[in-house]
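Observations on the model geometry
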Amino acid sequence: MARDKALDRILKEMSATDREAFMELSYIAIMHEPEYAVSLSHDKQEKVEAIEDLIEFFKAQERYEECANLVKILNQIKEL
């Protein structure tokens, strides 16, 4: 449990100080285990908003392949 809190702290700090690295790592993690990302017990709306943030981030960089992959995950979450 302490490890989870430490990881949460690190991720929060990274999201505030290096948003690009945070978004890249989030994308890699989601694409590595998409089933886990869909099935997480977090609030559905929270997951939808997080994926939408990632989509907007990659859209701004014109990285449409990443956007397409994330839209697939987003649709799976919305179907739950």
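Our subject is the structure that appears above.
Residues numbered from 1 in each chain as written. Predicted model: local features only at pLDDT ≥ 70, side-chain atom pairs only at ≥ 80, totals over all residues. Heavy atoms only, no water.

Our next topic: the pattern of salt bridges. Scanning all chains against the criterion turns up three salt bridges. Here Arg63 and Glu24 are joined by a salt bridge, their closest N and O atoms 2.4 Å apart. Of this pair, Arg63 sits in the loop between α4 (44–60) and α5 (64–79) while Glu24 sits in helix α2 (residues 19–32), placing them 39 residues apart in sequence. Given the relative accessible area of 23%, Arg63 is considered partly exposed. Taking the shortest distance from any N to any O, the salt bridge between Lys59 and Glu56 comes out at 3.3 Å. Pair noted here: Lys59 and Glu56 are both in helix α4, with a separation of three residues, about one helical turn. We classify Lys59 as partly exposed; its relative accessible area is 40%. The partly exposed category is assigned to Glu56, whose relative accessible area is 46%. Counted as one network, the salt bridges with shared partners bring together Glu24, Arg63 and Glu66. (Salt bridge = Lys/Arg side-chain N within 4 Å of Asp/Glu carboxyl O. Helix = DSSP H or I, 4+ residues; strand = E, 2+ residues; numbered from the N terminus. Buried < 20%, exposed > 50% of the residue type's maximum accessible area, 1.4 Å probe, protein only.)

Remember that the coordinates give geometry; whether it matters functionally is a separate question.
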